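# A look at the structure
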Amino acid sequence: MVLANGAQGSPVPILCVVSDTDAAVAERWVFHLNLELLTKEKKIAAWKTVVIPLDVADPIASERLKEGLAWLVSHRVRVPSIACDSLQEYLDSGLSKFFSTNVQQLAKMRRESGQFPLAPSAIVGLFNAVISHLAMVASSDSLMKISWPPPEFDRTQHPDLPSPEWNTSETLTDLRSLIHCLQLPQWPVRYQGECDWSAVCQDCINYVALLPGHFSDKAPLLSRYW
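Parameters at a glance
- Residues numbered from 1 in each chain as written.
- Predicted model: local features only at pLDDT ≥ 70, side-chain atom pairs only at ≥ 80, totals over all residues.
- Heavy atoms only, no water.
- Helix = DSSP H or I, 4+ residues; strand = E, 2+ residues; numbered from the N terminus.
- Contact = heavy atoms within 4.5 Å.
- Areas by Shrake-Rupley, 256 points an atom, 1.4 Å probe, with all protein chains shown as cover.
- Expected span 1.5 Å × (residues − 1).
- Buried < 20%, exposed > 50% of the residue type's maximum accessible area, 1.4 Å probe, protein only.
- Arc of directions from axis to C-beta.
- Salt bridge = Lys/Arg side-chain N within 4 Å of Asp/Glu carboxyl O.
- Core = buried A, V, L, I, M, F, W, Y, C linked by side-chain atoms within 4.5 Å.
- pLDDT = per-residue confidence, 0-100.
- Lys, Arg positive; Asp, Glu negative; His and termini not counted.

### Considerations on the overall build of the protein chain
- Along the backbone of the protein chain there are 9 helices and 2 strands.
- Relative to all contacts within the protein chain whose residues are 6 or more apart in sequence, the contacts with residues 24 or more apart total 63%.
- Split by element, the accessible area of the protein chain, about 16200 Å² in all, is 59% carbon and sulfur.

Rendered as structure tokens:
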């Protein structure tokens, strides 16, 4: 029943070990387990039967088991490349790669070509798009298919491993919501041609007031206007 329902992630190979003197018994097991059909439906990657003597102490049994295990290892599912980062490190790295570097390069290109600096609305839009991308990647449904770390590992003995619930649907939903909270309010686009500088400064102050956090934490931002 487990094989028929399939497992999450990549299909796995199946090794059937039959303890009997009659090789025909193995063929009957293949038929009863529907191994050929399961392979065709890609619910399992491959299958192999190994018939060993009834006496497991027989050297032939050991040799055939060794061959079966070697086959199983050669057909094993490749472990996905997994890296573990704190949320702060993940966000810092992502914002540096997709936001800060791009903004600096665009600002340099526009400055060297004599164009106006990037509009605040464009910078805010890019920042929010990057945050949305990072939230989507960190909470992808595909992560739920990864069975890692092994549940047998005790976190008290392996404190460096994440909680087994790190990729549950509830945890990923909370993570996505948490990252999305970092998005900035939309910048009011209303400047056309020349405008009063004091009005621009006031708009900046009003915008900073919309940002989360205590007013004293925003002092470095406000100090840039004076």
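Alright, that's what it looks like, and here's the rest.
### A few points about helix α4 (residues 59-74)
- Between its terminal C-alpha atoms α4 stretches 23 Å, which fits the 22 Å expected from 16 residues at 1.5 Å a residue.
- Three or more residues of α4 are buried, namely A61, G68 and W71. Buried residues of α4, viewed axially, fall in a sector of 90 degrees; they line one side. Those residues of α4 that are exposed and aimed more than 90 degrees away from the buried face are P59 and K66.

### Digging into the pattern of salt bridges
- The tally for this structure, following the rule as stated, stands at 1 salt bridge.
- The partner of E41 in a salt bridge is K43, and the shortest N-O contact between them spans 3.6 Å.

### Describing the nonpolar core
- With 11 residues, the main nonpolar core is built from L91, L95, F99, V103, F127, V130, I131, L134, A135, A138 and I179.
- Elements supplying a minimum of two residues to this core: α5 (87-112) and α6 (120-138).
- The biggest single contributor to this core is α6, with 6 residues.
- Setting aside anything within four residues of it in sequence, one finds F127 in contact with L95, F99, L182 and L184.

### A short note on the environment of H180
- Tracing the backbone through its elements, the reader meets H180 in helix α7 (residues 169-180).
- Exposure remark for H180: the relative accessible area of 30% places this residue in the partly exposed category.
- Distance in space between the C-alpha atoms of H180 and N128 is 8.5 Å, their sequence separation being 52 residues.
- In this structure H180 touches I131, S132 and A135, once residues within four positions along its chain are discounted.

### Notes on the side chain of S139
- Relative to the helices and strands, S139 is located in the loop between α6 and α7.
- A relative accessible area of 3% places S139 in the buried class.

### Description of the confidence of the model for the protein chain
- Mean pLDDT over the protein chain works out to 84, with 87% of the residues at or above the 70 mark.
- Of all secondary-structure elements in the protein chain, the lowest mean pLDDT belongs to helix α1 (residues 2-5), at 51, while α7 reaches the highest, 96.

### A short note on unusual backbone geometry
- At N34, a position not held by glycine, the phi torsion is positive, near 55 degrees.
- Given a relative accessible area of 41%, N34 falls into the partly exposed group.
- Of note, the phi angle at K42 is positive, near 60 degrees, even though the residue is not glycine.
- Within the secondary structure, K42 sits in the loop between α3 (35-40) and β2 (44-52).

### A look at the side chain of K218
- Here K218 is to be found in the loop between α8 (197-210) and α9 (219-222).
- Here K218 is buried and forms no salt bridge, its nearest opposite-charge partner D217 lying at an N-O distance of 8.2 Å.
- The residues contacting K218, other than those within four sequence positions of it, are V208, A209, L211, P212 and G213.

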